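# Report on the structure
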Amino acid sequence: MSFKNETVISGAAVAAGAINNPVAVKMDDSLNEVIVYIVNKGASTNFTVTVHSSPDGTVKAPLQPVALNTTNTTAEIPISIVPQYLVFVAVNGDAVNATTYDVIISKRA
Amino acid sequence: MKLVRPCAPFQMIEPQGEALTIDTSGKVLVLPTGNPDLLASFNEYTLNSNRLTIAESPFGGLKGSTPPDYAPGTLYTPTDGVYLTDTSGTNSTKTLTAGKLKELGLLTVDTVVHSITEEFIIANTSESNNPTVIDDCSATTGWGVSYGTGVLSIENGRLKLVGTSDTSGRLLVTRAISLNLTNYFFVSAKIEINASKNTYFRFTDSNSKLLEFSGARFSVTANTNTCFVYPIKAPAGTVGSNPITLNSGFSYSSIVSFVVGSVSLTPSTEYTIYIDDIKADTYKPAYVELQVPDYLTDTSLSLQCWSGSVYYTAWIAKLDTVFAQVYSDSSKMIYSDGTLLNDCYGVTTYWRLLYPKGSAGQTAINSVGSITYSQNKGTKNRVGLMVWFPPSDGGRTNFNKIRLKSILSYTDINGNTIPRLCTSGSSGIITGSVIKRNDYYLFDGAGTINTPIILGDNFELEFDIEISAYKPTGQWHMLCGAAASGAFGFGIRVNTGEIRATKLSLVDAPISGYTMPLNTRQKIGCRYNKPTLEYTINGVVVSTVQFDQTFLQSPVYLCNYSTWGFAGKLYGAKIYVNSQKILEFMPTVKNMGSTTYQFEDSTNASYGLQNGFKDSGGKPRPFIALFDPASHEADFYLFTHKPKNLEFKRDESGNIHELKLYPGNGLIYWGRIHYSDLTLDSNSDLIPNCLETSIEGSITKFLQSYGVVI
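Residues numbered from 1 in each chain as written. Chains lettered and ligands numbered in written order. Predicted model: local features only at pLDDT ≥ 70, side-chain atom pairs only at ≥ 80, totals over all residues. Heavy atoms only, no water.

Another point: the overall build of chain B. Per the secondary structure count, chain B includes three helices and 47 strands. Out of the 710 residues belonging to chain B, those deemed buried represent 55%. Relative to all contacts within chain B whose residues are 6 or more apart in sequence, the contacts with residues 24 or more apart total 67%. (Helix = DSSP H or I, 4+ residues; strand = E, 2+ residues; numbered from the N terminus. Buried < 20%, exposed > 50% of the residue type's maximum accessible area, 1.4 Å probe, protein only. Contact = heavy atoms within 4.5 Å.)

As structure tokens, then:
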């Protein structure tokens, strides 16, 4: 067994002070457990991404938020029951600095 | 139990009976209340500057005028009329909290010697304890003018004398009365003179023996009704409230009269004197609780009493789990006016008692009496103090007060105490929980070698020590090895801070780069497996020497010789020869100062859980959070049924190392969220973003969908 890492969101831009529209990512039916990594790649000092679970990409329930800044740029979320969709909602609480972010999903292949 | 990392969003904690006890790590515990004044040590207003920092007290506390914090160091008195104050006599209260004492500079937590030191005053404000009226002065019957001349009347319920002093300056009234004051300790009276003068009060017994109170210590300000409290059993003296005269053999059971007035007036001058409310009274036993960490040393509490200029140690006792006196000098217990408690009550009377550790509602006993602790929660454990007090004289003096400094010494959950295994230049045997064989002496004075330990070709030594001051060059704290015929033995020698490796017949030298720090516990050791000699610090090898020497007849010295010696503490020692244990006393420290804090199912503003688990609008917030603000993760525990019980344990590093959760009829879920900054507060409302309902990503917002069964 080995790990397979997939970047499902790459360099997504979030303007200063903005809330982005939800981004839905369909998950592989064969998956049971994954680790989701969220990386703040820009200059936001107050950047939150809430990961939601969703059956259809639209209806969603919060799974876990993470709050990042420029010194603490990466967080992991282990998920034991993988839903049909993961939905990512990014909020840039920094009113001055825009940012970009990645989401990497690590799965056992 | 220890929990492993949870998956998102959270995972259920398997029920384990009535309570779940979880090993945790965090510095801030949060129970949302929606109100900054409720559960103020634990609500979501974690950035409230009234909370004591860990540097101020790792055990917590609150400054300002919030509800009591009930943190370790908090004092409480349940006794009617008795209050606690700061050392200036202000901030009078029934509950003097750790936070308030810290704010006033009167509380210190010392994490080096593991103690909580605080200063406070106990005051009996009651002007009567359990009085018996001698004369209420509502009638002139039985009264007469004994010195000077004048007319007696009653005015507004008081005896009034308008008269002229005699040529000696005396103007006194007398009352013939048969009195038995055997069972009393005090008499009080109210006196007013229309001039600022010294007053006079005197009892006479059937043998004409006298008990007199007079002089400048018993003065009045003109036209001021003044209360005097006289300690009638005290010996004659010139300090405090002691009488000026107590004739030998004075009979308290056959008093026949008393006189009141003044003997220091201007001669042949008219004065008006009022006298009122003459009572016999007894002591009031004042009880005080001191909230404490869970484990106390064998010198749990040292009580010092203020003499008026300095503190003197009056009492040291072990209070965990039973009372045992370590030291007592009752002559050092002094009321704040200078009167000795021994003088008021006698040396052998039990006018002061200490009670061992107990929890809310528990009865703790010593050999003489008992105390039933209050139902106050917060810090679980407390110790008790009882002291007798006279009635108050309304502020004329501080006879009704006592100023104390308490030094509480705590230890860790293993109950480790600091053993005094040796003293400077002395010889003896390490005792207690030390394993010893055939009475080997580990240290020796003046070069006389007692039964030596034969170390041979394979041995290991380690000493757990703390140096409090450096010795001059040439003097040693400690040496292992023989010093014979001018030759040094091998060894570990702490000298001027240097840890020195010595070799037989060679000049000793410091282990390069290592200096023993002061007041820091360290383990230094050496192990020899011929020919390799290794020196270790805290278990790490720092120096290796090839040395082909068999160590026969090599005694191990600690505190060697009379002019050298040990400035510090020896916590433990370990000696193995050929892998066989010769001696071992190496306790390990775990959660030093561990303190249990208890909540309850009530509306108590300090620890009542009914105040928690909601926001300012009353919406349920059925979680608690635990985190270290310096870290990047916050744990939360989500309840399906509102908790009616909760406990945690916190040690002297400020770490909350254990949570005890009560699921009731429901379940508890555990989750963990990453926050890069757990102190970020974007709107400066003292609630960090990670707990702010309106902020995306906060624990509160994340869990807002979850209700709770009340």
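The next thing to look at is the interface of chain B and chain A. Taken residue by residue, the interface counts 18 residues in chain B and 20 residues in chain A. Both faces considered, chain B and chain A share a buried interface measuring about 1600 Å² in area, 56% of it formed by carbon and sulfur atoms. Contact with chain A buries surface across chain B, with Ala8(B), His674(B) and Glu696(B) losing the most and accounting together for 35% of the total. If you look at where chain B meets chain A, you find one salt bridge. Put simply, Glu76(A) and Arg5(B) hold a salt bridge, and the shortest N to O gap is 3.8 Å. Inspection of the region where chain B meets chain A yields eight residue pairs in polar contact (both at pLDDT 80 or more). When residues in the side of chain B that touches chain A are grouped by element, the largest group, four residues, is from strand E47 (residues 668–675) of chain B. Broken down by class, the residue content of the side of chain B that touches chain A amounts to eight nonpolar, six polar and four charged. Pairing of strand E5 (residues 61–68) of chain A with E47(B) involves two bridges; the strand directions are parallel. By the bridge assignment for E47(B), Ala67(A) is matched with Tyr675(B). (Buried area = accessible area lost by both parts, 1.4 Å probe. Salt bridge = Lys/Arg side-chain N within 4 Å of Asp/Glu carboxyl O. Polar contact = N/O pair within 3.5 Å; in protein donor to acceptor, adjacent residues only side chain to side chain. Nonpolar A, V, L, I, M, F, W, Y, C, P; charged D, E, K, R; others polar. Pairing = 2+ DSSP bridges.)

To continue, consider the confidence of the model for chain B. Residues and elements named next belong to chain B. Put simply, chain B has an average pLDDT of 88, and 89% of its residues get 70 or more. Counting interchain partners and residues more than four positions distant, the pLDDT-below-50 stretch residues 483–488 has twelve contacts. Residue range residues 559–563 is modelled with pLDDT below 50. Its contacts to residues more than four positions away, or to other chains, number 25 contacts. Predicted complex, confidence summary: ipTM 0.80, pTM 0.82. (pLDDT = per-residue confidence, 0-100.)

Taken as a whole and assessed by the stated rule, the structure comprises 26 salt bridges over all chains. Between Arg5(B) and Glu633(B) there is a salt bridge, and its shortest N-O distance comes to 2.9 Å. Residue Arg5(B) is found in the segment before strand E1 (11–12), and its partner Glu633(B) is found in strand E44 (residues 633–639); the two are separated by 628 residues along the sequence. Taking relative accessible area as the criterion, Arg5(B) reaches 27% and is therefore assigned partly exposed. Note that Arg500(B) and Glu498(B) form a salt bridge whose closest N and O atoms lie 2.3 Å from each other. Accessibility expressed as a relative area gives 13% for Arg500(B), which makes it buried. Taken together, the shared-partner salt bridges connect Glu76(A), Arg5(B), Glu633(B), Asp635(B) and Arg672(B) into one network.

A word on the pairing of strand E24 (residues 324–328) of chain B. Bridge analysis of strand E23 (residues 311–318) of chain B against E24(B) gives four bridges, and the strand direction is antiparallel. Considered in E24(B), the bridge of Lys318(B) is made with Ala324(B).

Right, let's get into empty space enclosed by the protein. Here the structure, examined in full by the defined rule, presents seven cavities of 30 Å³ or more. Considered as a void within the structure, the largest cavity measures approximately 120 Å³ in volume. Lining the largest cavity are 15 residues, and of these Asn46(A), Ala67(A), Tyr675(B), Leu680(B) and Asn689(B) sit closest to its centre. Residue composition of the lining of the largest cavity, grouped by class: six nonpolar, seven polar and two charged. (1 Å grid on protein atoms, 1.4 Å probe; cavity = no way out; pocket = protein on both sides within 12 Å on 5 of 7 lines; lining within 4 Å. Points joined across faces, edges and corners; volume = space filled by probe spheres on them.)

Looking now at the layout of surface pockets. Approximately 490 Å³ is the volume found for the largest pocket. If you trace the largest pocket, you find 28 residues lining it, with Lys27(B), Val28(B), Arg51(B), Leu52(B) and Thr53(B) closest to the centre.

Residue position: Val87(A) is located in strand E7 (residues 85–92). Once residues lying within four places of it in the same chain are set aside, the contact partners of Val87(A) are Pro22(A), Val23(A), Ala24(A), Thr50(A), Val51(A), His52(A), Ser54(A), Gly57(A) and Lys60(A).

Residue and element names in this part refer to chain B. Overall, antiparallel pairing links the five strands, which are arranged E6-E4-E21-E29-E25 in an open sheet. Because the sheet does not close on itself, it has two edges, and the strands there are strand E6 (95–96) and strand E25 (352–358). Two elements, strand E4 (residues 75–76) and E6, share two bridges in a ladder whose sense is antiparallel. Looking at E6, one finds that Leu75 is bridged to Leu96.

On to the pairing of E5(A). All names here are of chain A. Of all eight residues making up E5, six are buried, and the element is well covered by its neighbours. Looking at chain direction, strand E4 (residues 47–54) and E5 are connected through seven bridges and run antiparallel. Bridge assignment links Ser53 to a residue of E5, and that residue is Ala61. Taken together, E4 and the strand that follows it, E5, pair antiparallel across an intervening segment of six residues, in which Gly57 is found at a positive phi of about 90°.

On to the nonpolar core, then. Nonpolar side chains tend to gather and get buried jointly when the protein is soluble and globular. Core analysis: the largest hydrophobic core is formed by 55 residues, its most contacted members being Ile122(B), Met333(B), Tyr345(B) and Leu404(B). Apart from the residues within four sequence positions on either side, Tyr345(B) is in contact with Phe185(B), Phe186(B), Tyr283(B), Tyr335(B), Trp351(B), Trp388(B), Phe389(B) and Pro390(B). (Core = buried A, V, L, I, M, F, W, Y, C linked by side-chain atoms within 4.5 Å.)

This part covers unusual backbone geometry. All names here are of chain B. Asp320 connects to Thr321 through a cis peptide bond whose omega is 0°. Along the chain, Thr321 turns up in the loop between E23 and E24. Cis geometry is found at the peptide bond from Lys530 to Pro531, where omega equals 5°. At Asn91, a position not held by glycine, the phi torsion is positive, near 55°. Structurally, the position occupied by Asn91 is in the loop between strand E5 (82–85) and E6. Take Asn91: its relative accessible area is 32%, and that puts it in the partly exposed class. Backbone geometry places Asp277, a non-glycine residue, at a positive phi of 60°.

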